[in-house]
There are 6 protein chains.
Amino acid sequence: MSATILVINPNSNQAVTDGLDAALHGFRHPGGPKIECVTLAEGPFGIESQLDSDAVALPLARLVQARDDASAYILACYSDPGLDACRSVTRKPVFGIQEAGALSAMARADRFGVVAISDRSILRHRLHLRRMGVLDRLAGERALNISVDESARGEGTFARLLDIGALLIGDGAEALVLGCAGLARHRAPLQARLGVPVIDPTQAAVAMALGAVLADG
Amino acid sequence: MSATILVINPNSNQAVTDGLDAALHGFRHPGGPKIECVTLAEGPFGIESQLDSDAVALPLARLVQARDDASAYILACYSDPGLDACRSVTRKPVFGIQEAGALSAMARADRFGVVAISDRSILRHRLHLRRMGVLDRLAGERALNISVDESARGEGTFARLLDIGALLIGDGAEALVLGCAGLARHRAPLQARLGVPVIDPTQAAVAMALGAVLADG
Amino acid sequence: MSATILVINPNSNQAVTDGLDAALHGFRHPGGPKIECVTLAEGPFGIESQLDSDAVALPLARLVQARDDASAYILACYSDPGLDACRSVTRKPVFGIQEAGALSAMARADRFGVVAISDRSILRHRLHLRRMGVLDRLAGERALNISVDESARGEGTFARLLDIGALLIGDGAEALVLGCAGLARHRAPLQARLGVPVIDPTQAAVAMALGAVLADG
Amino acid sequence: MSATILVINPNSNQAVTDGLDAALHGFRHPGGPKIECVTLAEGPFGIESQLDSDAVALPLARLVQARDDASAYILACYSDPGLDACRSVTRKPVFGIQEAGALSAMARADRFGVVAISDRSILRHRLHLRRMGVLDRLAGERALNISVDESARGEGTFARLLDIGALLIGDGAEALVLGCAGLARHRAPLQARLGVPVIDPTQAAVAMALGAVLADG
Amino acid sequence: MSATILVINPNSNQAVTDGLDAALHGFRHPGGPKIECVTLAEGPFGIESQLDSDAVALPLARLVQARDDASAYILACYSDPGLDACRSVTRKPVFGIQEAGALSAMARADRFGVVAISDRSILRHRLHLRRMGVLDRLAGERALNISVDESARGEGTFARLLDIGALLIGDGAEALVLGCAGLARHRAPLQARLGVPVIDPTQAAVAMALGAVLADG
Amino acid sequence: MSATILVINPNSNQAVTDGLDAALHGFRHPGGPKIECVTLAEGPFGIESQLDSDAVALPLARLVQARDDASAYILACYSDPGLDACRSVTRKPVFGIQEAGALSAMARADRFGVVAISDRSILRHRLHLRRMGVLDRLAGERALNISVDESARGEGTFARLLDIGALLIGDGAEALVLGCAGLARHRAPLQARLGVPVIDPTQAAVAMALGAVLADG
């Protein structure tokens, strides 16, 4: 099968793209859809502000249009930047990882918690969850308060994840969503230590994209 | 990889199980998880009433316990019978196809419609969607009013699906969920004719299960 | 009048049935409906798990069918096991005590708290309240963490009830619901001590059943 | 037992009070609570406007204070006038019949319809149901468009009730609430003809009051 | 332009009316609408209870009717007493300051906090916000626990406002509403100190009234 | 007073800006804040698509930063483009006209209807109203299906507005919001003909901005 799932890293940090690529290794099989991770050249080095998020909407839509060979698209930034823009230029499935992460958590537990990178993104995420109509399923969101770049590289990240995850479980979370595209390598050990399902949102979105693409296969 | 996703048909109609098996063919790849479809021997020939739905809860939980070799479980009846029971006996992921179908539709469109088999199941589905907290995303649910067995075999089913689907789009549905495990072969042609995403809930659940299983791969 | 309200204890602990019977003494009047408390022979000794709850659905429905001489039915376990099953086999009123308890509390105060027997039942109760669409009226639910059997007999239960009740009032509860069929004898003293309405859910359900039955009288 | 449930007709139409009294005949039993129906002397002849409703709040509260011999109070006008006022002057239970009617319908069916007397009261009722947080359970409300006085006396009322009830069932109502204190005599025949539970709100409130009073018995 | 916005102080404390008048000084411009503040002679000295609130509904409606020369009306008590009554006697705009304050805060921030005068009013306010359908936007409400009269005069009020405001920000409030008509002079300094928008509800209502009146200009 | 309220037309059609300017004439008074209408040079000729809406977010934010002499900002396009972006670059009030229009309608009536320019914008508006948590107050939204440019100039627009407005009133709307910045001149005649409040969203936003600016005056 030649179908391609295009995973777009909206920031221009190739290390983040490489991390995505590695995190999705297990989703590739001989004969299965191709999962291709690309970097948005026009993106900022990290999407850490509202302006960063707004800045990538049109470049993302152009990339989706340019890559009309793909069968599904994944916007691999937890703020779901450009989601409406990309959906408006194609009838193929476009998944935002915040949406996919939250919806997948809802299939695993009643109330979920979100580990954000920074306090500054919590309001943005809350607005998106309310727009989805699923805010009542959120037990809480708490921030690591490190940069996206640090999250992809830093040593102390796992210890922070454990602390924040435990606080969210105390808030009532029965599953956790990693609120960033760059934390996938911590998913399995975090789940093992905390004893609740931990969702990597990019993996969740790729699974949904597989569902859409394979159904046509 | 030796992981198994166990898809359980809660009714005892082997033709339905065979249909499920065929519908999931595209989700199997060399080296990927095994997707095994089994029939619940204790199930009724079709789950068409509330009592049918309640009757299979414990047999399903026992089957889940007996098959602890599996990595994830899918309950392939749209009423999500036994979902709480099965989740209470394992820490592995258990997906109900109503939950998976609705959540997957929500990743594709704002408001979705559901095509039920029978008017008698609409109240049961509505209660479950409200329990999930996502009822505001439902544009409407309408019934084919045929039996589960007919849905898996009948000639006129596709014509009925087209009619009901068009009515739901008129209700505001921007995506459709097939509210039965036995309609998968109609998914692609229905989507082609109606021009909106059509979700087969068992495929949606298998995709989510792949996401959970492959992340550990 | 010969109308009978049938109160069914879904567990097989006769002491619990006897406690129900005593708690309903005040609801019986010459010429009024008969209030008959029966034990579900097939029930477990206590309904303490999801499986226990699912196991009694069909036996309860069969009992409702067998007792078609009754005019109304009450399922006297706070998890409302078998509620949908029983409603599907009769057009007469069937009351779940969780539903009746919560709705009655809502007629007395804006936000109510629930005293659960065990932490394990809190998720089950929350799902039912969300399904009812009334979760926003819940101030909180907290558990005694004693067994159903202990709740019907234990010495220290009242002291625990006082503590938990006070915490729930601190959570914002303006009324309390006893989240178990076996706590009725503590209702009046607890209300006297805490100064907010305390609802015994079986009594609440019997009152609603009286309303349904007497209206036809 | 000497407990008294005081049912207050907030309008000064004695015929309405007499109708209430007759409708509650079946709720009185030897040894049971006294159910006393009184007319608010200061009330207008019918509560047909917002000003009528506001005008009776303080007189109702004064009557509640004057009658501190009663154990529970019922405000028998579907707009629940003076409910907050009366609750602020006593710690004893005060039931509004709109609240009791809606909550009782919710114990019988998932979605209910309301038969209003007049289009002018529909907004007032909707605001109260939203305030209760239960508006999602309302299938619809439709008006007879007759006066309160006519509703207590008119010949053609039952035919109108049948028509409006059928329309509400078409809207999705699985139970009906009579949105007026003066329609009780139509309840049983309407239920018999329409085949869904029909709730008289004053009877529903009296049943809840019995529950509160008898629990202390 | 001769249009008049009539601001009605529902209590009979002229000092409160004078405070309103001073707080609205900046809203008056040559050629703009007249903003006239009047005292409800029939009102209590302060509206501190539910009965106080109910008692002014009809006098307010009569005043609105008597002053049909005005183009818009503002009910300057945070419990929005008589709002439905006044709206029922005129087709001109009638603004309650709780509604205007909450809605204006929602135009400035996602979640807002309310500073109440007294714990006794918090339930009343919550019921009104739920009736408006906007309770999910409330981060919290906390009380100063001083009298309305003190709030208009007291020395220590500002220090209390700072404390309570900081607690509400800790609750998640991104804007604050002063839950009383008599706190306007503290608005600007409180906003300066706390760093979040602080809304005086009477000013918010006057701004909305200006919008309604000037659009016709 | 030298305070300036900056009203930004995000499209580059100067005729629309001139229409805004004319519609706001009545809001200017000697000594009052200056109300300045400007055209976003970088904007498209009309904002008719999702891409148009996303394209102006950053230019709007830059304009807000460049005009830090202003005291409040209004984004005069009903899709509220760039609202989050602009709010992230200033602590001064930024009003989106969709938010201001909806919130102002909620101060005038319980349920409101929206007259959209085009069917294509209805989903975008619904998502924003759900994000605001006020979707339950929407009676319906219906489109004129004319272009923004036509709406500012066309002859037949008023007749269409009458038709669509009447349909929305039939849907239950008790007030209407004009879902476009270019329809202000039709507001007063439409309100006169339909008999319900009609809100021009730019006027509503300017009123809220006056409230914020004058409070500091």
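Residues numbered from 1 in each chain as written. Chains lettered and ligands numbered in written order. Predicted model: local features only at pLDDT ≥ 70, side-chain atom pairs only at ≥ 80, totals over all residues. Heavy atoms only, no water.

### Describing the sheet that holds strand E7 (residues 175-179) of chain E
Residue and element names in this part refer to chain E. Cut-off, in case you're wondering: Two strands pair under a simple rule: DSSP has to find at least two bridges between them. Counting from the N terminus, the helices are the DSSP runs of H or I reaching at least four residues and the strands are the DSSP runs of E reaching at least two. Contact definition: two residues touch when any of their heavy atoms are within 4.5 Å. Note on geometry: axes are lines fitted to C-alpha atoms, helical ones only across the stretch in contact, with angles between N-to-C directions running from 0 to 180 degrees.
Pairing within the open sheet is parallel, and its four strands lie in the order E6-E5-E7-E8. With one partner strand each, in any of the chains shown, strand E6 (138-143) and strand E8 (198-199) form the two edges of the open sheet. Sheet topology places strand E5 (residues 112-116) next to E6; five bridges connect them, and they run parallel. Counted as the bridge partner of Ala116 is Ala143 from E6. Together, E5, E6 and E7 form the strand contacts of helix H8 (residues 157-170), whose direction differs from that of E6 by roughly 150 degrees.

### Observations concerning the sheet that holds strand E2 (residues 34-39) of chain F
Residue and element names in this part refer to chain F. Ordered in space as E2-E1-E3-E4, the four strands form an open sheet in which the pairing is parallel. The strands lining the two open edges of the sheet, one partner per strand, are E2 and strand E4 (94-96). Going from strand to strand, the sheet's axes swing by 20 degrees on average, the running direction of each strand aside. Direction of pairing for strand E3 (residues 72-75) relative to E4: parallel, over a ladder of three bridges. The residue bridging Tyr73 from the neighbouring strand is Val94, located in E4. Together, strand E1 (4-9) and E2 form the strand contacts of helix H1 (residues 14-23), whose direction differs from that of E2 by roughly 165 degrees. Contacting E1, E2, E3 and E4, helix H10 (residues 201-215) runs over the sheet at an angle of about 155 degrees to E1.

### Description of the relation of the copies chain C and chain E
Each of the two chain copies can be brought onto the other by rotation about an axis and movement along it. To keep things clear, this is the line we draw: The copies were overlaid by least squares, fitting only the C-alpha atoms of residues that reach a pLDDT of 70 or more in each copy.
Each copy of the sequence occupies a distinct position, and chain C is placed on chain E by a rotation of 120 degrees and an axial shift of 0.0 Å, giving an RMSD of 0.0 Å. Interpreted geometrically, this transformation is the action of a three-fold axis. When C-alpha distances to the rotation axis are compared across chain C, the minimum falls at Asp136(C), with a value of 5.5 Å.

### Description of the side chain of Asp80(F)
All names here are of chain F. Rules: With a 1.4 Å probe rolled over the protein chains alone, any residue whose accessible area is under 20% of its type maximum counts as buried; one over 50% counts as exposed, and the rest are partly exposed. A positive count includes Lys and Arg, and a negative count includes Asp and Glu. His and the chain ends are not counted in either. The term salt bridge refers to a pairing of a side-chain nitrogen on Lys or Arg with a carboxyl oxygen on Asp or Glu at a separation within 4 Å. Side-chain atoms alone can form a polar contact between residues adjacent in sequence; in general such a contact is a pair of N or O atoms within 3.5 Å, and within protein one must be able to donate a hydrogen while the other accepts it.
Along the polypeptide, Asp80 turns up in the loop between E3 and helix H4 (83-88). Although Asp80 lies buried, it forms no salt bridge, and the closest oppositely charged side chain, Arg87, sits 6.8 Å away as judged by the N-O distance. Only 2.9 Å separates the side chain of Asp80 from the backbone nitrogen of Ile97, close enough to count as a polar contact. Engagement of the side chain of Asp80 in a polar contact is seen with the backbone nitrogen of Gln98, the distance being 2.8 Å. Contact partners of Asp80, with chain neighbours within four places excluded, come to Gly96, Ile97, Gln98, Glu99 and His128.

### Considering the packing of helix H5 (residues 97-106) of chain D against helix H6 (residues 122-132) of chain D
Residues and elements named next belong to chain D. Put simply, the rule reads: Here a crossing is called left-handed whenever its near helix is offset anticlockwise from the far helix by less than a right angle, and right-handed whenever the offset is clockwise. When residue character is reported, Ala, Val, Leu, Ile, Met, Phe, Trp, Tyr, Cys and Pro are called nonpolar, Asp, Glu, Lys and Arg charged, and the others, Gly included, polar.
Across the interface, H5 lies against H6 with an axial gap of 11 Å and an inter-helix angle of 65 degrees. H5 and H6 meet at a crossing whose hand is right-handed. Counted together, Gln98, Glu99, Ala102 and Leu103 of H5 and His125, His128, Leu129 and Met132 of H6 form the full contact between these two elements. Partitioning the contact of H5 with H6 into residue classes produces four nonpolar, three polar and one charged.

### Some remarks on the interface of chain A and chain B
Each partner contributes residues to the interface: chain A has 34 residues there, and chain B has 34 residues. Here chain A is connected to chain B by zero salt bridges. For the pair chain A and chain B, the number of links is six residue pairs in polar contact (both at pLDDT 80 or more). If you list the elements that add at least two residues to the side of chain A that touches chain B, you get strand E4 (94-96), helix H5 (97-106), helix H9 (187-194) and helix H10 (201-215) of chain A. Counting residues per element, the side of chain A that touches chain B draws most heavily on H10(A), at eight residues. Here the residues of the side of chain A that touches chain B are counted per class, giving 17 nonpolar, ten polar and seven charged.

### A closer look at the domain arrangement of chain A
All names here are of chain A. Note the following rule: Domain limits in this description derive from either an automatic procedure or a database domain assignment. The buried area of a pairing is the accessible area, by a 1.4 Å probe, that goes missing from both parts when the two are put together, added over both.
Taken domain by domain, chain A holds domain 1 (4-96 + 203-216) and domain 2 (98-200). The distance between the C-alpha centroids of domain 1 and domain 2 comes to 20 Å. Taken together, the contacts link 22 residues of domain 1 with 25 residues of domain 2. Overall, the association of domain 1 and domain 2 removes approximately 2,000 Å² of surface from exposure, summing both partners, and the carbon and sulfur fraction of that is 51%. Of all residues in domain 1, the largest losses of buried area upon contact with domain 2 belong to Glu48, Tyr78 and Gln203, amounting jointly to 37% of the total for that side. Where domain 1 touches domain 2, the interface holds two salt bridges.

### Quick notes on helix H3 (residues 57-66) of chain C
Of the positions making up H3(C), those classed as buried are Ala57(C), Pro59(C), Leu60(C), Ala61(C) and Val64(C). Buried residues belonging to H3(C) abut helix H2 (50-55) of chain B together with strand E1 (4-9), helix H2 (50-55), strand E3 (72-75) and helix H4 (83-89) of chain C.

### Re the environment of Leu210(E)
Checked against the element boundaries, Leu210(E) lands in helix H10 (residues 201-215). For Leu210(E), a relative accessible area of 3% corresponds to the buried category. Along the chain, Leu210(E) and Ile35(E) lie 175 residues apart, while their C-alpha atoms are 9.4 Å from each other. Contacts of Leu210(E), omitting those with residues within four sequence positions, involve Ile5(E), Phe27(E), Pro33(E), Ala215(E) and Phe27(F).

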